[in-house]
Amino acid sequence: MSEARVAGVDEAGRGPLAGPVAVAAVILDPARPIAGLGDSKALSEARREALAPLIRERALAWHLELVPIEEIDRLNILHATMAGMARAVRALSPAATLALVDGNRLPPGLPCPAQALVKGDAREPAIMAASILAKVARDHLMRELESAHPGYGFALHKGYPTPEHLEALRRLGPCPQHRRSFAPVRACLATALPGI
């Protein structure tokens, strides 16, 4: 068999109340190393923004999958994320021979052998790369959603349940990008007056 192609798999945006989950799978090219990779949460925004195009340019393969809120609400956040991870790995070309998935669970339906790595985004460069691509893509999207749905502060909190976001949710009600299956959004819908 030819040299192993190890895909790192990670997500960004499981916790927010709004927007899709971004999932990325990346196979790094050993011949084109990328200096400065790390857990996307530990890197500055400027560093992530600088690394993302390098990853896309130098990786042997990469794929980004945005899991829509309809799927999140239908399946629940865990199952929707797992489905997105499987789609991201299946979309890689060349195909992965092994998938390393951040966390303690493996998605069903992966096209290759796989291993779950707890804190993998701090241990495995391919997962670090996937983490960065997912985080940068989702942050960009949330900034775009700020323009489409002003008043919620999506550009600042990226959809996470900050006090400012919860206050805006109570004041404005949910927008189409809010996840109806998440408790604070459900509670807001339950208390909304009829006809509003």
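Residues numbered from 1 in each chain as written. Predicted model: local features only at pLDDT ≥ 70, side-chain atom pairs only at ≥ 80, totals over all residues. Heavy atoms only, no water.

Student: Please clarify how the packing of helix α6 (residues 163-172) against helix α7 (residues 183-191) should be interpreted in this entry.
Tutor: Packed helices, taken two at a time, are described by their axes: the angle between them and the distance between them. Two elements in contact, α6 and α7, have axes whose closest approach is 9 Å; the angle formed by their N-to-C orientations is 25°. With respect to their mutual orientation, α6 and α7 come out roughly parallel. Our pair here, α6 against α7, has a crossing hand that is right-handed. For the pair α6 and α7, the contacting residues are Leu166, Leu169 and Arg170 in the first and Pro184, Val185 and Cys188 in the second. (Axes fitted to C-alpha atoms, helices over the stretch in contact; angles between N-to-C directions. Helix = DSSP H or I, 4+ residues; strand = E, 2+ residues; numbered from the N terminus. Parallel < 35°, antiparallel > 145°, perpendicular 65-115°, else oblique. Left-handed = near helix turned anticlockwise from the far one by under 90°. Contact = heavy atoms within 4.5 Å.)

Student: I keep staring at the nonpolar core and nothing clicks. Help me out?
Tutor: Nonpolar side chains tend to gather and get buried jointly when the protein is soluble and globular. One finds Val9, Val23, Ile72 and Leu92 to be the most contacted residues of the largest nonpolar core, which totals 28 residues. The leading source of residues in this core is helix α3 (residues 77-90), at 8 residues. Among the nonpolar cores identified, the runner-up in size contains 18 residues, and Val26, Ile34, Ile55 and Val136 belong to it. (Core = buried A, V, L, I, M, F, W, Y, C linked by side-chain atoms within 4.5 Å. Buried < 20%, exposed > 50% of the residue type's maximum accessible area, 1.4 Å probe, protein only.)

Student: So what exactly am I meant to see when it comes to α3 here?
Tutor: It helps to recall that an α-helix has 3.6 residues per turn; residues three or four apart then point in one direction. With 14 residues, α3 ought to run about 20 Å at 1.5 Å a step, and its terminal C-alpha atoms sit 20 Å apart, in line with that. Most of α3 sits out of view: 10 of its 14 residues are buried. All of the buried residues in α3 are Ile77, Leu78, Ala80, Thr81, Met82, Gly84, Met85, Ala86, Ala88 and Val89. Among the structural elements, β1 (6-12), β2 (21-27), β3 (61-67), α2 (69-75) and β4 (98-102) are those in contact with the buried residues of α3. Where α3 begins, the capping side chain belongs to Asn76, and its oxygen is found 3.0 Å from the backbone nitrogen of Leu78. (Expected span 1.5 Å × (residues − 1). Polar contact = N/O pair within 3.5 Å; in protein donor to acceptor, adjacent residues only side chain to side chain.)

Student: Where do I start with unusual backbone geometry in this structure?
Tutor: Of all residues except glycine, most have a negative phi; of all peptide bonds, most are trans. Residues Ser93 and Pro94 are joined by a peptide bond in cis, for which omega reads 5°. Tracing the backbone shows Pro94 in the loop between α3 and β4. Positioned with a positive phi, Asn76 is a non-glycine residue whose angle comes to about 95°. One can find Asn76 in the loop between α2 and α3. Unlike most non-glycine residues, Lys119 shows phi in positive territory, near 55°. With respect to the secondary-structure elements, Lys119 resides in the loop between β5 (114-117) and α4 (125-148). Among the residues examined, Lys119 registers a relative accessible area of 62% and is labelled exposed.

Student: Sorry if this is basic, but what is going on with the sheet that holds β1 here?
Tutor: The strands making up a sheet are joined through hydrogen bonds of the backbone, oriented either antiparallel or parallel. A sheet is described by the order of its strands in space; here 5 strands give the open sequence β3-β2-β1-β4-β5, paired in mixed fashion. The open sheet has two edge strands with one neighbour each: β3 and β5. Going across the sheet, the axis of each strand differs from the next one's by a mean of 20°, ignoring polarity. Both β2 and β3 contribute to a ladder of 7 bridges, which runs antiparallel. Pairing of Ile27 across the sheet is with Ala61, part of β3. In the packing of α4 onto the sheet, the strands contacted are β1, β2, β3, β4 and β5, and the crossing angle to β1 comes to about 35°. (Pairing = 2+ DSSP bridges.)

Student: Help me out: how do you make sense of the packing of helix α1 (residues 45-58) against α4 in this one?
Tutor: α4 packs onto α1 with a crossing angle of 115° between their chain directions and a minimal axis gap of 9 Å. Between α1 and α4, the angle is such that the two are roughly perpendicular. The way α1 lies across α4 gives a crossing that is left-handed. Side by side, α1 and α4 meet where Glu45, Arg48, Glu49, Leu51, Ala52, Ile55 and Arg56 of the first sit next to Ala129, Ile132, Leu133, Lys135, Val136, Asp139, His140 and Arg143 of the second.

Student: Before we go on, may I ask you to explain the pattern of salt bridges in this structure?
Tutor: Once their charged atoms are close, side chains differing in charge can pair, the charge on each being opposite to the other. Counted by the stated rule, this structure contains 10 salt bridges. Residue Arg32 pairs with Glu57 through a salt bridge whose shortest N-O separation is 3.6 Å. Of this pair, Arg32 sits in the loop between β2 and α1 while Glu57 sits in helix α1; the two residues are 25 residues apart in sequence, bridging distant segments of the chain. We classify Arg32 as partly exposed; its relative accessible area is 36%. Here Asp39 ties to Lys41 by a salt bridge, and the two come within 3.4 Å at their closest N and O atoms. Classification of Lys41 as exposed rests on a relative accessible area of 62%. Bridged by salt links that share partners, the residues Asp39, Lys41 and Asp121 form one connected network. (Salt bridge = Lys/Arg side-chain N within 4 Å of Asp/Glu carboxyl O.)

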